[in-house]
Amino acid sequence: MMEVTSISEGIIIDHVPAGTALKVLNYLHIDPTKATIALIMNTTSHRYGCKDIIKIQNSADVDLEVLGLVAPHATVDVVKDSRIVEKQKPRLPEHVTNVISCANPRCVTSSERDIDQLFHLSNPDTGEYRCDYCDEAAKL
Amino acid sequence: MADKIPPVQLSKSQFNLVGRSVVTLDDVSAPQISYLLRKARYISDHLPEVSQAAAGKILATLFYEPSTRTRLSFETAMLRLGGHVIGFAGAQNASVSKGESIADTLKTVANYADVVAIRHPKEGAALVASKSVDIPVINAGDGGHMHPTQTLADLATLQSRFSRITDLTIGLCGDLTFGRTVHSLIETLCRFGNVKFVLISPKELKMPQYVLDRIKASQSCTYEEVTDLTAVIGDLDALYMTRVQKERFFNEDDYLRLRDTYILDAAKLKLAKPTMAVLHPLPRVNEIATEVDSDPRAAYFEQVKNGMLMRMALMSSVLGVKLPGFAEDDTKEVRA
């Protein structure tokens, strides 16, 4: 068993899809060269079989809408004085601006300068997002 | 037969399209589509009366890729309303060749024109255009994405042939995978309901699942997928033929193999109802034999005229110009 030190103040993002923790950090704009972070990747999960866990020391909050986009099944624990004082769930935002980019090479976003990357929630049941411009499904 | 355009029962603000851009047909409600169909029919019957309705208005046709038919249709529509036309066709002639963005081109043109029709090879270009300016922008085709006025032309043709756009069995034949016109037509007809779709295609060019899901989500529309046109042609009220588009294929061999799968000729037409209407968004390659052109069931050149009439109806609506004698309220129409 590998031991990872607990954090006394900060945030624990649990149930992150296995192998995606670095990508999630990137989308959350958390700089791994500056923040104090513990990453646990591909660990056992009762719920999903395998998962990643992200612990961020001295962080007060996390963008739950961006998290909803990239890891909709994750959970967020807020830690104060070495105790979990609050549990938060990611939200599925109706609209997402400049978080992900459209992968469709025929999309106008691939050529037009200074254009916002806009996505909308097209299927709340599956968490599917589509590009506002070309309707291509988002690829994370 | 009495016309059966679904009744327009809207307050003035609800069918008011003044100043609105039309990027997709989602921007236009079903009652507003009915209103446009009624307006186009009025225009068809009253061309002299509406010939100066948009006098002093200017349409800019910004065509970043060639589409002679659509551009001429928009331009003729504006000229027949008494307005003027400026624009370019082909990006090599435009400032885009110097690297100008769509947004900047639109912001410039908005100082000259009252309404814009834009065609662009990139999907979503019309949305970019419409977000850039306050004047109405009409999407005249953005890549393989949307072409709302083509769908309006298709609806107007069904309306003129059958006096209704519901309670029909409509066959859609050919390239159902990449054919944006058929996707848009199905989605729009599903908003009105009571249509049976017969989807005729080779297995490589079947209808995408999201379109099938849209039909399933409709309360009253149904579909069946088949590969043999001759087996079903006798059941159809309308047959919408599509071109297998070379530009949608990366592989020349696949294109050539699939191009000739369905060709509508006089022999196949013998199996069809005498009242069936043959539609096609044009241009055709070889999917409809020229011998069909003289058959009264051929409706595809009529569709071109209906496209112009619907563009007249749409542009006069977004510009907010009054058509003499046309009653905005269904019950007050004045017959000239």
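Scroll up a little and you will see the structure.
These numbers were taken from a predicted model, which means no experiment stands behind them. (Residues numbered from 1 in each chain as written. Chains lettered and ligands numbered in written order. Predicted model: local features only at pLDDT ≥ 70, side-chain atom pairs only at ≥ 80, totals over all residues. Heavy atoms only, no water.)

*Asks:* For empty space enclosed by the protein, give the residues involved together with the corresponding values.
*Replies:* Residue and element names in this part refer to chain B. This model, assessed by the stated rule, comprises two cavities of 30 Å³ or more. R69, T70, S73, Q150, A153, H280, P281, Y300, Q303, V304, G307 and R311 are the residues that line the largest cavity. Put simply, the parts of the chain that give the lining of the largest cavity at least two residues each are α3 (68-80), α6 (148-162) and α12 (300-319). Considering every element that reaches the lining of the largest cavity, the biggest residue donor is α12, with five residues. When the residues that make up the lining of the largest cavity are grouped by side-chain class, the tally is four nonpolar, six polar and two charged. Two domains each donate at least three residues to the lining of the largest cavity, and these are domain 1 (25-146 + 307-319) and domain 2 (149-302). Size it by volume and the second largest cavity reaches roughly 70 Å³. What lines the second largest cavity is G174, M241, T242, R243, V244, L258, R259, T261, Y262, V285, N286 and E287. Here the residues of the lining of the second largest cavity sort into five nonpolar, four polar and three charged. (1 Å grid on protein atoms, 1.4 Å probe; cavity = no way out; pocket = protein on both sides within 12 Å on 5 of 7 lines; lining within 4 Å. Points joined across faces, edges and corners; volume = space filled by probe spheres on them. Helix = DSSP H or I, 4+ residues; strand = E, 2+ residues; numbered from the N terminus. Nonpolar A, V, L, I, M, F, W, Y, C, P; charged D, E, K, R; others polar. Domains from an automatic or database assignment.)

*Asks:* Any details on the packing of aromatic side chains? Residues and values, ideally.
*Replies:* Taken as a whole, this structure holds four aromatic pairs over all chains when the rule is applied. One aromatic cluster is present, formed by Y35, Y42 and F326 of chain B through successive ring pairs. (Phe/Tyr/Trp six-rings, centres within 6.5 Å; stacked < 30°, edge-to-face > 60°.)

*Asks:* If you had to explain the sheet that holds strand β8 (residues 128-131) of chain A to someone new, which residues and values would you point to?
*Replies:* All names here are of chain A. Overall, antiparallel pairing links the three strands, which are arranged β6-β7-β8 in an open sheet. The sheet is open, and its two edges are formed by β6 (95-97) and β8, each paired on a single side. The sheet shows a mean angle of 35° between the axes of neighbouring strands, taken without regard to direction. The sheet contact formed by β6 and strand β7 (residues 118-123) spans three bridges and is antiparallel. Bridge pairing in β7 places V96 opposite F119. (Pairing = 2+ DSSP bridges. Axes fitted to C-alpha atoms, helices over the stretch in contact; angles between N-to-C directions.)

*Asks:* Mind laying out the interface of chain A and chain B, listing which residues take part and the relevant values?
*Replies:* Facing the 15 residues of chain A at the interface are 14 residues of chain B. Taken together, both faces of the contact between chain A and chain B bury some 1100 Å²; the carbon and sulfur share is 49%. Ranking the residues of chain A by area buried against chain B places R106, E112 and Y133 of chain A at the top, with a combined share of 43%. In this structure, the connection of chain A to chain B is made through one salt bridge. (Contact = heavy atoms within 4.5 Å. Buried area = accessible area lost by both parts, 1.4 Å probe. Salt bridge = Lys/Arg side-chain N within 4 Å of Asp/Glu carboxyl O.)

*Asks:* Any details on the sheet that holds strand β4 (residues 137-142) of chain B? Residues and values, ideally.
*Replies:* All names here are of chain B. Here four strands make up an open sheet; going across it, the order is β2-β1-β3-β4 and the pairing parallel. Looking along the sheet, the strands with just one partner apiece sit at the ends: β2 (84-89) and β4. Strand-to-strand twist of the sheet, defined as the mean angle between neighbouring strand axes without regard to direction, takes the value 10°. Here strand β1 (residues 58-63) runs beside strand β3 (residues 115-120); their pairing, made up of five bridges, is parallel. Across the sheet, the residue bridging to T61 is A117, located in β3. Running over the sheet, helix α4 (residues 102-109) touches β1, β2, β3 and β4 and is turned about 155° from β3.

*Asks:* Residues and numbers for the pattern of salt bridges, please.
*Replies:* Opposite charge on two side chains allows them to pair when their charged atoms are near. The final tally for this structure, using the stated rule, is 14 salt bridges over all chains. Across the salt bridge formed by D14 of chain A and K51 of chain A, the nearest N and O atoms sit 2.9 Å from each other. Note that D14 of chain A is positioned in strand β1 (residues 10-17) and K51 of chain A in strand β3 (residues 49-57), a separation of 37 residues in sequence. On the basis of relative accessible area, D14 of chain A is assigned to the buried category, the value being 15%. K196 of chain B is paired through a salt bridge with E224 of chain B; the nearest N and O atoms lie 3.4 Å apart. One end of the pair, K196 of chain B, is in strand β6 (residues 195-200); the other, E224 of chain B, is in strand β7 (residues 222-226), with 28 residues separating them in the sequence. Residue K196 of chain B is classed as partly exposed on the basis of its relative accessible area, which comes to 34%. Classification of E224 of chain B by relative accessible area gives partly exposed; the value is 29%. (Buried < 20%, exposed > 50% of the residue type's maximum accessible area, 1.4 Å probe, protein only.)

*Asks:* Account for the packing of helix α1 (residues 30-45) of chain B against helix α7 (residues 180-192) of chain B, with residues named and values stated.
*Replies:* Residues and elements named next belong to chain B. At a minimum axis separation of 10 Å, α1 and α7 run at an interaxial angle of 100°. Relative to α7, the element α1 is oriented roughly perpendicular. Where α1 abuts α7, its residues A30, I33 and S34 lie against T188, R191 and F192. Of the residues in the contact of α1 with α7, the class split is three nonpolar, two polar and one charged. (Parallel < 35°, antiparallel > 145°, perpendicular 65-115°, else oblique.)

*Asks:* Hey, could you go over the layout of surface pockets for me, with residue numbers and the actual values?
*Replies:* The calculated volume of the largest pocket comes to roughly 1400 Å³. Around the largest pocket, the lining comprises 45 residues; the ones closest to its centre are C134 and D135 of chain A together with H145, M146 and Y210 of chain B. The leading source of residues in the lining of the largest pocket is α7 of chain B, at seven residues. In terms of residue class, the lining of the largest pocket is made up of 13 nonpolar, 15 polar and 17 charged.

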